[in-house]
Amino acid sequence: MPLNDMKEHYSDIAGYFSETLCITWCEGLTLDEVAVVFGSGPDTGLRYDLVEAENAGHEAREEAGGVACSAIAGQLGSWLVVVEPDYGDTGSDHETLRALSAKGKALNVYSGVNSHSLDYYVNAQPLTVLQFMEWGEEPFHRQGEQPYLLDDLVGDFSGKRATDFQAFALALAERMTGVRLTHDWLFDKHRWLRWENWD
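A brief look at the structure comes next.

**Some points on the side chain of Glu-54**
Tracing the backbone through its elements, the reader meets Glu-54 in helix α3 (residues 50-63). Comment: no salt bridge for buried Glu-54; closest opposite-charge side chain is Arg-61, at 9.6 Å. Leave out the neighbours within four places in its chain, and Glu-54 touches Tyr-16, Pro-85 and Asp-86.

**Examining helix α6 (residues 162-177)**
Here α6 spans 22 Å end to end across 16 residues, near enough to the 22 Å set by a 1.5 Å rise per residue. The buried fraction of α6 is high, at 13 of 16 residues.

**Structural notes on the packing of aromatic side chains**
On inspection of all chains with the given rule, the structure shows nine aromatic pairs. Ring geometry for Tyr-16 against Phe-187: centres 5.1 Å apart, planes inclined by 75 degrees, an arrangement best described as edge-to-face. One end of the pair, Tyr-16, is in the loop between α1 (7-14) and β1 (21-27); the other, Phe-187, is in the loop between α7 (183-186) and β9 (190-194), with 171 residues separating them in the sequence. In this structure an aromatic cluster arises from ring pairing among Phe-132, Phe-140, Phe-157, Phe-165 and Phe-168.

**Observations concerning the side chain of Ser-111**
For Ser-111, the position within the fold is in strand β5 (residues 105-111). Residue class for Ser-111 comes out buried when judged on its relative accessible area of 2%. Among the polar contacts listed, one links the side chain of Ser-111 to the side chain of His-116, at a separation of 2.7 Å. The contact partners of Ser-111, leaving out residues within four places of it in the chain, are Glu-19, Thr-20, Leu-21, His-116, Ala-162 and Gln-166.

Calculation notes
- Every chain's residues receive numbers from 1 upward, in the order its sequence appears when written.
- The predicted origin of the model limits local features to residues at a pLDDT of at least 70 and limits the giving and counting of side-chain atom pairs to 80 or more, whereas totals for whole chains, interfaces and linings rest on all residues.
- No hydrogens and no water enter the side-chain calculation; it runs on all heavy atoms of the structure.
- Secondary structure is summarised from DSSP: a helix means a run of H or I of at least four residues, a strand means a run of E of at least two, and numbering begins at the N terminus for each.
- Partly exposed residues are those whose accessible area sits between 20% and 50% of the maximum for their type, while under 20% is buried and over 50% is exposed, using a 1.4 Å probe and protein chains only.
- In this tally Asp and Glu are treated as negative and Lys and Arg as positive; neither His nor the chain ends contributes.
- Each salt bridge in this description consists of a side-chain nitrogen of Lys or Arg and a carboxyl oxygen of Asp or Glu lying within 4 Å of one another.
- Contact criterion: two residues are considered in contact whenever any of their non-hydrogen atoms come within 4.5 Å of each other.
- One fewer than the residue count of a helix, multiplied by 1.5 Å, yields its expected span.
- Pairing of aromatic rings covers Phe, Tyr and Trp, the last through its six-membered ring, and needs centres within 6.5 Å; plane angles under 30 degrees mean stacked, over 60 mean edge-to-face, and all others mean tilted.
- In protein, a polar contact requires one atom able to donate a hydrogen and another able to accept it; more generally it is a pair of N or O atoms within 3.5 Å, and residues adjacent in sequence count only if both atoms are side-chain atoms.

Structure follows, in structure tokens:
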């Protein structure tokens, strides 16, 4: 299925995120290992859907002095997916992605006020990094060890706005991972992560 044919589905998914969109896929680590990478402590037993995670995330952020510090994480096919509520961006950090891909692969789609990117790491190395340029002649600035790896797919992109990038990048993530992020997954309950000093 061409990526543009997935646009409506992923435009709806992206619409759930009002401030920032930060979703990370990881293959090769357990959920406990992913939690450690994000700085979360032992499993508290809390399970939230997206709306509940956003509410809990606002409270956690206030307690952390305005720093976003939470997410939900769960299995989707062979991948673990981490979804951060509003203002979250830990999954887009290069050191986070290195650690998440240490035994396999990691992929992050991030879109905030001034930055929009798709990062793909394999074996702790940045294979491809696509930075969306809203006002540039070319839509993407490419980096990584294989910056043109996705060009056969990226050629389908014709958007000009951040919302266009969000839907396209999520569709590209589906193509790369082979799993579809659905409304049902987001509104099912997943493990809540909160990173803080657990000492």
